[in-house]
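Below are the chains, spelled out letter by letter.
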Amino acid sequence: MKLRISWWWLVFLPLMLMAHMGKTLCFLFAVLSMHEGAHILMARLFHYPIKAVIVYPFGLCAHIDHIGMGSVGKELMIIAAGPLVHLIVPFCLTLLVSLGWISDAYGNYLNDLNHSILIFNLLPIFPLDGGRILQSIYHLLFRYTLAQRFTYMSSILHLLALLYYRVIETYSAWLVMAFLLFQILMCWHQLMYERMAFYYYRKMHPAKGPLRSNHKPDLFRAYTNMMYTAHGWILEDAWLNTQMPMQHSVKCHFLL
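These remarks concern the structure in this document. Quantities reported herein were computed from a predicted structural model and do not represent experimental measurements.

### Some remarks on the overall build of the chain
Here is step 1 of the chain: Broken down by element type, the chain carries nine helices and six strands.
Here is step 2 of the chain: For the chain, the proportion of its 256 residues judged to be buried stands at 39%.
Here is step 3 of the chain: In the chain, the share of contacts with a sequence separation of at least 24, taken over all contacts with a separation of at least 6, comes to 57%.
Here is step 4 of the chain: Total accessible area on the chain is roughly 15300 Å²; 71% of this is exposed by carbon and sulfur atoms.

Structure (structure tokens):
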């Protein structure tokens, strides 16, 4: 696991000193780092490889390999670990107030800030945790590609609803929404690559879910698929062998 320091510190640190918000920004860094650390610990517990951890001015950011491809149940626990951290923060703030390290008014302000972060993170917009939870639910119901499309489409609709009803009005929030929209569109553009990467993952990590008959040329992520082909019914492992040549051509296309 590689640890990297983001170059954004060069821009953010002078702005932080000029804004005289050092304590609040340190609080945000600590809370968001704890949030991401919970994801990392749960991912390691379930043996998901952590490609890298980047230290941004707003906290840690982990690149967890194969997230969105493995066990839906395990990944829901990985995703839920982050938001659960925010339920502990109020108790920590109460302790700091009782020790006299921060004032009661400032503690209430930080608690409101923590609450806002939790609500925002649980919005059903990919790649926020709320969007990833919604994605996992879709994967319980639909085949992989359709579930991914529903995830991205519903994320865009929720973004548009926030803008239409003017729930978000600050410039910083608009910037975050624009970044999220860019992320969603990039994922949509790479959907075919994601699908083939998922097939490769399933080939290397055979499914352990309940058996489900499947008449379409795509896999249910949460099940062991019994695929219907022109030659009859075959298990998904045999079906995946017919898809590997297609996967290699798609990989080359995206590398170019």
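From this point, the narrative continues.
### Focus: the sheet that holds strand 5 (residues 224-229)
Here is step 1 of the chain: Spatial strand order, 4-5-6: three strands in an open sheet with mixed pairing. Of all the strands in the sheet, the pair left with one neighbour each is strand 4 (211-214) and strand 6 (232-235). Direction aside, neighbouring strands of the sheet carry axes that sit 25 degrees apart on average.
Here is step 2 of the chain: Pairing of strand 5 with strand 6 involves four bridges; the strand directions are antiparallel. Across the sheet, residue Met226 finds its bridge partner in strand 6, namely Leu235.

### Description of helix 5 (residues 129-141)
Here is step 1 of the chain: Over its 13 residues, helix 5 runs 19 Å from end to end, which matches the ideal 18 Å to within 8%, given 1.5 Å per residue.
Here is step 2 of the chain: Of all the positions in helix 5, only Asp129, Gly130, Gly131, Leu134, Gln135, Ser136, Tyr138 and His139 are classed as buried.

### Overview of the sheet that holds strand 1 (residues 2-5)
Here is step 1 of the chain: Pairing in this open sheet of three strands is mixed, and the strands run 1-2-3 from one edge to the other. Bordering the open sheet on either side are strand 1 and strand 3 (59-64), each of which pairs with just one other strand. Direction aside, neighbouring strands of the sheet carry axes that sit 20 degrees apart on average.

### Concerning the packing of aromatic side chains
Here is step 1 of the chain: Using the criterion set out here, one finds eleven aromatic pairs in the structure.
Here is step 2 of the chain: Taken together, a centroid distance of 4.9 Å and an interplanar angle of 70 degrees make the contact between Phe142 and Phe150 edge-to-face.
Here is step 3 of the chain: Take Phe142: its relative accessible area is 26%, and that puts it in the partly exposed class.
Here is step 4 of the chain: When the centroid spacing of 6.1 Å and the interplanar angle of 50 degrees are considered together, the rings of Phe198 and Tyr199 count as tilted. With respect to class, Phe198 is no different from Tyr199; both count as buried.
Here is step 5 of the chain: These aromatic residues form a ring-pair network of at least three members: Tyr144, Phe198, Tyr199 and Trp239.
Here is step 6 of the chain: The aromatic ring of Phe220 is capped on one face by Arg212, whose charged end is 3.9 Å from the ring centroid.
Here is step 7 of the chain: Positioned above the aromatic ring of Tyr223, the side-chain terminus of Arg212 is 5.0 Å from the ring centre.

### Overview of helix 3 (residues 72-98)
Here is step 1 of the chain: Over its 27 residues, helix 3 extends 41 Å from the first C-alpha to the last, a length consistent with the 39 Å expected when each residue adds 1.5 Å.
Here is step 2 of the chain: The sharpest bend along helix 3 measures roughly 35 degrees and falls at Ala81, with the proline Pro83 sitting one to four residues further on.
Here is step 3 of the chain: Those residues of helix 3 not exposed but buried are Val72, Glu75, Ile78, Ile79, Ala81, Gly82, Pro83, Val85, His86, Val89 and Leu93.
Here is step 4 of the chain: Downstream of helix 3 by one or two residues, Gly100 has phi in the positive range, about 80 degrees.

### Regarding the side chain of Arg202
Here is step 1 of the chain: Positionally, Arg202 belongs in helix 8 (residues 191-204).
Here is step 2 of the chain: A distance of 2.6 Å separates a polar atom in the side chain of Arg202 from the backbone oxygen of Tyr223.
Here is step 3 of the chain: Separated by 3.0 Å, the side chains of Arg202 and Glu236 make a polar contact.
Here is step 4 of the chain: Every residue in contact with Arg202, bar those within four places of it in the chain, is listed here: Ala207, Leu219, Phe220, Arg221, Tyr223, Thr224, Asn225, Glu236 and Leu240.

About the thresholds
- Residues numbered from 1 in each chain as written.
- Predicted model: local features only at pLDDT ≥ 70, side-chain atom pairs only at ≥ 80, totals over all residues.
- Heavy atoms only, no water.
- Helix = DSSP H or I, 4+ residues; strand = E, 2+ residues; numbered from the N terminus.
- Buried < 20%, exposed > 50% of the residue type's maximum accessible area, 1.4 Å probe, protein only.
- Contact = heavy atoms within 4.5 Å.
- Areas by Shrake-Rupley, 256 points an atom, 1.4 Å probe, with all protein chains shown as cover.
- Pairing = 2+ DSSP bridges.
- Axes fitted to C-alpha atoms, helices over the stretch in contact; angles between N-to-C directions.
- Expected span 1.5 Å × (residues − 1).
- Phe/Tyr/Trp six-rings, centres within 6.5 Å; stacked < 30°, edge-to-face > 60°.
- Lys NZ or Arg CZ within 6 Å of the ring centre and 35° of its normal.
- Bend = angle between axes of the 7 residues up to and from the residue.
- Polar contact = N/O pair within 3.5 Å; in protein donor to acceptor, adjacent residues only side chain to side chain.

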